[in-house]
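# Structure assessment
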Amino acid sequence: TTLRQARLVTAMTGAADTTLTSGGEYVFYIPEGKWQTHFSSLLFSADVPATVMEVSLVGTLILVAAIFPDQVQTANSMPLLELAVFMVFLSLLRRLYNSYLEAVFCSFPQYRTQPVKEHELKSAKDLTGRDLTQLENIVKQDRLTLLSQFVLDVSIYFLVPGYYPAAEASYASMHMRVLQLVLNHYVMSLGMYWMHRALHVNPWLWRNIHSLHHWAKHPLSRTTYQDHWADNFANAIIGHFFAQILIPLDHDFFWVSRIFRICESLEKHSGVSCWFNIAHSLQRWFPFAQMPHHHDWHHEGHKGCNYTFSSIGGLWDCVFGTRKTGRHPQMAETREDREMTVKDTKQTRKGMMMDHPYLCLSPVLAIGMMAAVKYMSFGI
């Protein structure tokens, strides 16, 4: 049992198998010395069944798209082969950027959002605060997420022609394309804000779905997608899908958006808040922008769990009165952090009516209805 648990922890952390005989796993402590050895298997997800599943699914898709390009092509969409190749690229991006962010966490303790003492957990828990039973459950959810996301992506390609935009000979002016990207991200963030808030205030959704993600009280970038599979599934629909229907992006900016969103998501769970956070640094000068320390505070539990729900930027937290600054290095401060007084940081939540367990879902339903009406009337 001990060996099985040790291997499970190795799978969750990406630690090399050699650490099984070294007296401990990376997941239980912040490594000293050569941290590089602790990331040796991250490229392969450190979970062999999940890696085999991913390679099989995407490999089959590439094969089918290459052999039958005309038969699988949908109207106004990029070639299926391009989508499959980008699945490979985005998968590698997640792994490599995850390694980069955890290397920063291990190498620069001065940029950590939580003091070192916060990570001095019981030996029965991992570095983020999860016990072995929870880790075993997360492994299962990771595999279900991989399968459900693949099915969703491929289904959308065939059922919603044009969702994955085809390349065009010419595009609108660059400033209009950038403006459209910004608007798309704010619409995406609005839907995800209200879904995220509902996951917290609806008892059933919290207990059965979102609480799994919050087992990590001291998140690292590897915990970003470690949710219940339905949590990730809903975010994909309410975030990217609705936003692309309402504010469609062209071929190039569609992929720019996906890449930025992956980096932003990994960064806000990275446990560090500084200039190493590339995506957040690019957007920190936008009004009400947030840095990773805002979301880190959200994960600490009773102190800030029902605050800072925004996924991109921080506009909606400010609009709906759910912003908290959290702890952070001074260099990571945003304008809003500096302007918030002690009174502001201790203020109670606004808009309590929207914390009703069912009413909080109404904005999500409204955005979904607008997306449906728009698609049925005009397409993409």
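Please read these numbers as outputs of a predicted model, since none were measured by experiment.

## Regarding the overall build of the protein chain
- Of the regular secondary structure elements, the protein chain holds 14 helices and 0 strands.
- Reading the secondary structure of the protein chain in the N-to-C direction produces α-α-α-α-α-α-α-α-α-α-α-α-α-α.
- The buried share among the 380 residues of the protein chain stands at 54%.
- Summing over all exposed atoms, the protein chain offers an accessible surface of approximately 17500 Å²; the carbon and sulfur share of this is 67%.

## Describing a nonpolar patch on the surface
- Residues Leu63, Val64, Ile67 and Phe68 make up a contiguous nonpolar surface patch of about 360 Å² in total accessible area.
- Examined against the element boundaries, Leu63 turns out to sit in helix H2 (residues 48-67).

## Quick notes on the side chain of Gln134
- Structurally, Gln134 is set in helix H4 (residues 132-159).
- For Gln134, a relative accessible area of 18% translates into the label buried.
- When neighbours within four sequence positions are excluded, Gln134 is seen to be in contact with Gly129 and Trp215.

## Quick look at the pattern of salt bridges
- All chains considered together, the criterion is met by 6 salt bridges.
- Among the ionic pairs, Glu264 bridges to Arg261, the shortest N-O distance being 2.6 Å. Of the two residues, Glu264 and Arg261 both sit in helix H8 (residues 251-268), 3 residues apart, roughly one turn of that helix. Just as Glu264 is buried, Arg261 falls in that class too.
- It is possible to trace a salt-bridge network through shared partners that takes in Arg177, Asp250 and Asp252.

## Quick look at the environment of Asp252
- Tracing the chain through its elements places Asp252 in helix H8.
- Sequence-wise, Asp252 and Ala166 are 86 residues apart; in three dimensions their C-alpha atoms are separated by 9.1 Å.
- Not counting residues up to four positions away in its chain, the partners in contact with Asp252 are Tyr171 and Arg177.

## Describing the nonpolar core
- Within the largest apolar cluster, 55 residues are counted, with the highest numbers of intra-cluster contacts made by Leu83 and Tyr164.
- Among the elements that take part in this core, helix H5 (residues 174-201) stands out by supplying 9 residues, more than any other.
- Those residues in contact with Leu83 that lie beyond four places of it in its chain are Met78, Asp153, Tyr157, Tyr164 and Trp255.

## Concerning the environment of Val58
- Tracing the chain through its elements places Val58 in helix H2.
- The exposure class assigned to Val58 is buried, which follows from its relative accessible area of 10%.
- C-alpha of Val58 to C-alpha of Met87: the two residues are 29 residues apart in sequence and 7.4 Å apart in space.
- With sequence-adjacent residues up to four places away left out, Val58 is seen in contact with Ala84, Met87, Val88 and Phe150.

## With respect to the side chain of His196
- Mapping His196 onto the fold places it in helix H5.
- Non-local contacts of His196, meaning those with residues more than four positions away in its chain, are made with His210, His214, His295, His298 and Phe309.

## Re H4
- Look at H4: 40 Å from first C-alpha to last across 28 residues, which is about the 40 Å you get at 1.5 Å a residue.
- Between the side-chain oxygen at the start of H4 and the backbone nitrogen of Thr133 there is a gap of 3.1 Å, and the oxygen is on Asp131.

## What about the environment of Leu205?
- Relative to the helices and strands, Leu205 resides in helix H6 (residues 203-208).
- Setting aside residues no more than four positions away along its own chain, Leu205 makes contact with Met195, Ala198, Leu199, His210 and Leu361.

## Section: helix H10 (residues 292-299)
- Across the 8 residues that make up H10, a large majority, 8, are buried.
- When we look at burial in H10, the residues that qualify are Pro292, His293, His294, His295, Asp296, Trp297, His298 and His299.

## Concerning unusual backbone geometry
- Not every positive phi belongs to a glycine, and Asn76 is a case in point at roughly 60°.
- Along the chain, the position of Asn76 falls in the loop between H2 and helix H3 (80-107).

## Details of the packing of aromatic side chains
- Using the criterion set out here, one finds 21 aromatic pairs in the structure.
- Centre to centre, the rings of Phe108 and Phe276 are 4.8 Å apart; their planes meet at 35°, and the pair counts as tilted. Here Phe108, found in the loop between H3 and H4, pairs with Phe276, found in the loop between H8 and helix H9 (278-283); they are 168 residues apart in sequence, far enough to count as distant.
- Looking at Phe276, the relative accessible area reads 11%, which means it is buried.
- When the centroid spacing of 5.6 Å and the interplanar angle of 70° are considered together, the rings of Tyr164 and Phe254 count as edge-to-face. Note that Tyr164 is positioned in the loop between H4 and H5 and Phe254 in helix H8, a separation of 90 residues in sequence.
- Over the ring of Tyr171 we find Arg177, and its NZ or CZ is 4.3 Å from the ring centre.

## Here's the deal with the packing of H5 against helix H14 (residues 362-378)
- Contact pair H5 / H14: the axes reach a minimum separation of 8 Å and the direction vectors enclose 145°. H14 is crossed by H5, and the crossing has left-handed handedness. Residues Leu190, Gly191, Trp194 and Met195 of H5 pack against Pro363, Val364 and Ile367 of H14.
- Looking at the contact of H5 with H14 residue by residue, the class counts come to 6 nonpolar, 1 polar and no charged.

So, how was this worked out
Residues numbered from 1 in each chain as written. Predicted model: local features only at pLDDT ≥ 70, side-chain atom pairs only at ≥ 80, totals over all residues. Heavy atoms only, no water. Helix = DSSP H or I, 4+ residues; strand = E, 2+ residues; numbered from the N terminus. Buried < 20%, exposed > 50% of the residue type's maximum accessible area, 1.4 Å probe, protein only. Areas by Shrake-Rupley, 256 points an atom, 1.4 Å probe, with all protein chains shown as cover. Patch = residues over 30% accessible without salt bridge, like charges linked within 9 Å, V, L, I, M, F, W, Y side chains within 5 Å. Salt bridge = Lys/Arg side-chain N within 4 Å of Asp/Glu carboxyl O. Contact = heavy atoms within 4.5 Å. Core = buried A, V, L, I, M, F, W, Y, C linked by side-chain atoms within 4.5 Å. Expected span 1.5 Å × (residues − 1). Polar contact = N/O pair within 3.5 Å; in protein donor to acceptor, adjacent residues only side chain to side chain. Phe/Tyr/Trp six-rings, centres within 6.5 Å; stacked < 30°, edge-to-face > 60°. Lys NZ or Arg CZ within 6 Å of the ring centre and 35° of its normal. Axes fitted to C-alpha atoms, helices over the stretch in contact; angles between N-to-C directions. Left-handed = near helix turned anticlockwise from the far one by under 90°. Nonpolar A, V, L, I, M, F, W, Y, C, P; charged D, E, K, R; others polar.

Purely geometric numbers; function is a separate question.
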